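# Structural characterization, general
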Amino acid sequence: MIYVCVPVHNEARTAGLVLWKVRQVFTTFPREYHLLVCDDGSTDGTAPLLAAYAKVLPMSVVTHRERRGYAKSLEELLRLALQRTDRPKRDCAITLHADFSHPPDVMVEMVRRLESGSDVIVAELADKGGHAPPLLRWVRRWAPRLLPVPGVRDTVSGYVALRLVVWRQAQRGDGAPLLTTDGWSANAELLARLLPHARRTETIPAAARYDLAQRAPRTTPWRQLVGAWRARAVIRAARTTAVLLLLCALPRFGDAQDHTPLTAVPFAVGERLVYAARLGVFSVGEATMEVAGVDSVRGAETVHFRFHIEGGALWYHLDQTLESWVGRADFRSRRFTNRTVEKGKRWQHDFDIFPDSGFYREAGRDSTHPTVADPLDDAAFLYWIRTVPLTIGERYEFRRYFRVERNPVIVEVLGHDRVNVAGHKWNAIVLRPKIPNGGGIFAEKAEARLWLSDDSARIVLGLQSKFSFGHVTLKLKEYTVPGHP
């Protein structure tokens, strides 16, 4: 959900047009959105106008009988958005002015940047058409220099998109207001309090449309500059306090994660396992598992896994490639592709997974879906299970499959076995993995079995799964494992 937060005071001439423009933006760029509007003591007919628009738009109106100011209105709307969301890591808020100085079309790029993994997006305004009076242009240039926030040039634009979890993390423990300044200074203070809690902040350009404003400024540019001068100490203190609070929270962060340390991916680039696929005594194909390399996905270092199987029998033929990109430091899936040709039919599914934000998106489908805290895909699971301590006779349930509805993944440890593959005799652990609500080789009806070497390498020695024509067994026939004898 995207909450568009619009503080309003005596904006009857433009507020309706701005709200309708927001509707047009999200009609051509379909995302679930809700308008949160605060009527801050308007006396010019804004109230009935907002009531009329609330009947036809997804919109809620907060009304102040007396004016409380821009900062209090903005903070109230952001708090309301946080109260309404049940997915603060996924949902976001966009702060928008109602006088048309903020071009609503820019929201499309802001949302795309958030969906790509950023936490805060700041639209930096520029009067490209020269519509602003010279004094206003001069003050707009100097005010951000008086109120600096690292990483942002235009700290007073007030046009910001933020993931709601960042707003939640910035809250004060005593419930006191977060914004203590007003006007342009409140915009800089908001950024000063938010950015220390954001993993990634981006800025994008936006054209300020002062020529579309239908009212005179509420205060003179000179007063805004004086206000910025007086707010310098507040902004500086806000940056310092936020950083100190963040540093103090870091030791407790690990405790909140069930004392589970981050698990680095232990597989060396170049590991390659080749399997012979057999149906009874008949050879029906070949499969490979390999650690293909180290890549970067949306700025995160990832390990690239690839699983490919090709073969068939009688009327059945399968050519399937699963590729996974997993965080090198946290073993969480970032990207997953499935390219399959089965019985003459071809399909492809490409998923981008955002574990820090709590959602995934499939290419070609203009929607997002929630995911689990530590997502894994089909190919990543074959590697991750090799890192898990397993006890004979135990049954494990792992809620890590990236598609929420297909959890839990169940793994039963059946016992020990002695297998002869790849020219060696191996001690093995036999597992029965299944995804009760899923498909593929680990579907419940597939009756899958997985053999892992009973040593520190936990090499996948064999895999058995049921197809429509019978049980196919993959047996390791050759392997290249860097550092393994």
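Residues numbered from 1 in each chain as written. Predicted model: local features only at pLDDT ≥ 70, side-chain atom pairs only at ≥ 80, totals over all residues. Heavy atoms only, no water.

This next bit is on the overall build of the protein. Looking only at helices and strands, one finds 10 helices and 21 strands in the protein. Burial analysis of the protein (485 residues in total) assigns 53% to the buried set. Put simply, 63% of the contacts in the protein that link residues at least 6 apart link residues at least 24 apart. Summed over all atoms, the accessible surface of the protein reaches about 22,800 Å², with 52% contributed by carbon and sulfur. (Helix = DSSP H or I, 4+ residues; strand = E, 2+ residues; numbered from the N terminus. Buried < 20%, exposed > 50% of the residue type's maximum accessible area, 1.4 Å probe, protein only. Contact = heavy atoms within 4.5 Å. Areas by Shrake-Rupley, 256 points an atom, 1.4 Å probe, with all protein chains shown as cover.)

Among the nonpolar cores identified, the biggest contains 61 residues, and Ile 385, Leu 431 and Leu 461 are the most heavily contacted of them. At six residues, the largest contribution of residues to this core is made by helix H10 (residues 378-384). Among all residues touching Ile 385, those that are not within four sequence positions of it are Leu 390, Phe 398, Val 411, Leu 431, Leu 450, Leu 452 and Arg 458. Val 22, Phe 26, Cys 92 and Ala 123 belong to the second largest nonpolar core, which has 37 residues in total. (Core = buried A, V, L, I, M, F, W, Y, C linked by side-chain atoms within 4.5 Å.)

Across the 11 residues that make up helix H7 (residues 184-194), a large majority, 11, are buried. Among all positions of H7, only Trp 184, Ser 185, Ala 186, Asn 187, Ala 188, Glu 189, Leu 190, Leu 191, Ala 192, Arg 193 and Leu 194 are buried.

Tallied over the entire structure, the rule returns 15 aromatic pairs. Ring centres of Trp 20 and Tyr 53 lie 6.2 Å apart, and the angle between their planes is 65 degrees; on these two criteria the pair is classed as edge-to-face. Residue Trp 20 is located in helix H1 (residues 15-28), and its partner Tyr 53 is located in helix H2 (residues 46-54); the two are separated by 33 residues in the primary sequence. With relative accessibility at 32%, the residue Trp 20 sits in the partly exposed group. An angle of 65 degrees between the planes, with centres 6.1 Å apart, marks the rings of Phe 336 and Phe 402 as edge-to-face. Taken together, the positions of Phe 336 in strand S12 (residues 333-342) and Phe 402 in the loop between strand S16 (395-398) and strand S17 (409-421) put the pair 66 residues apart, joining distant regions of the chain. Each member of the pair, Phe 336 as well as Phe 402, carries the same accessibility label: buried. Put simply, the rings of Phe 336, Phe 351, Tyr 360, Tyr 401 and Phe 402 pair up and form one aromatic cluster. Sitting above the plane of the Phe 29 ring, Arg 31 keeps its charged end 4.1 Å from the centroid. (Phe/Tyr/Trp six-rings, centres within 6.5 Å; stacked < 30°, edge-to-face > 60°. Lys NZ or Arg CZ within 6 Å of the ring centre and 35° of its normal.)

Turning our eyes to something else, we now look at the packing of H1 against H2. One can describe the packing of H1 onto H2 by two numbers: an axis separation of 10 Å at closest approach and a directional angle of 20 degrees. What the angle tells us is that H1 and H2 run roughly parallel. In the packing of H1 onto H2, the handedness of the crossing is right-handed. The segment H1 lies against H2, with Ala 15, Gly 16, Leu 17, Leu 19 and Trp 20 engaging Leu 49, Leu 50 and Tyr 53. (Axes fitted to C-alpha atoms, helices over the stretch in contact; angles between N-to-C directions. Parallel < 35°, antiparallel > 145°, perpendicular 65-115°, else oblique. Left-handed = near helix turned anticlockwise from the far one by under 90°.)

Next up on the list: the side chain of Asp 40. Of note, Asp 40 is situated in strand S2 (residues 33-40). What makes Asp 40 buried here is its relative accessible area of 3%. If we skip the residues at most four places from it in the chain, Asp 40 touches Val 8, His 9, His 64, Glu 66, Arg 67, Arg 68, Gly 69, Tyr 70 and Ser 73.

Reading across from one edge, S3-S2-S1-S4-S6-S5-S7 is the order of the seven strands in this open sheet, with mixed pairing throughout. Of all the strands in the sheet, the pair left with one neighbour each is strand S3 (59-64) and strand S7 (201-207). Averaged over all neighbouring strand pairs, the angle between strand axes comes to 20 degrees, with direction disregarded. Along the sheet face, H2 touches strand S1 (2-8), S2 and S3 and points at about 160 degrees away from the line of S3. (Pairing = 2+ DSSP bridges.)

With that settled, the discussion passes to the pattern of salt bridges. Taken as a whole, this structure holds 32 salt bridges when the rule is applied. Between Glu 109 and Arg 113 there is a salt bridge whose closest N-O contact spans 2.5 Å. One end of the pair is Glu 109 and the other is Arg 113, both in helix H4 (residues 107-115) and four residues apart, which spans about a single turn. For Glu 109, a relative accessible area of 31% puts it in the partly exposed group. A salt bridge links Arg 395 to Glu 397, with the nearest nitrogen and oxygen atoms 2.7 Å apart. Owing to a relative accessible area of 44%, Glu 397 belongs among the partly exposed residues under this scheme. By sharing partners, the salt bridges in this structure join Asp 119, Arg 163, Arg 199, Asp 330, Arg 332, Arg 334, Asp 356 and Asp 374 into a single network. (Salt bridge = Lys/Arg side-chain N within 4 Å of Asp/Glu carboxyl O.)

Turning to the packing of helix H3 (residues 70-84) against H7, a few remarks are in order. Packed helix pairs are characterised by how far apart their axes lie and by the angle those axes make with each other. Remark: H3 packs on H7, axes separated minimally by 9 Å, with the N-to-C direction vectors making an angle of 40 degrees. Here Tyr 70, Ala 71, Leu 74 and Leu 78 of H3 lie close against H7, whose contacting residues are Ala 186, Asn 187 and Leu 190.

Glancing now at the side chain of Ser 453. Mapping Ser 453 onto the fold places it in strand S19 (residues 449-453). Here Ile 459 takes part through its backbone nitrogen, which lies 2.7 Å from a polar atom of the side chain of Ser 453. Excluding residues that lie within four positions of it along the chain, Ser 453 makes contacts with Trp 426, Asn 427, Ala 428, Arg 458, Ile 459 and Leu 461. (Polar contact = N/O pair within 3.5 Å; in protein donor to acceptor, adjacent residues only side chain to side chain.)

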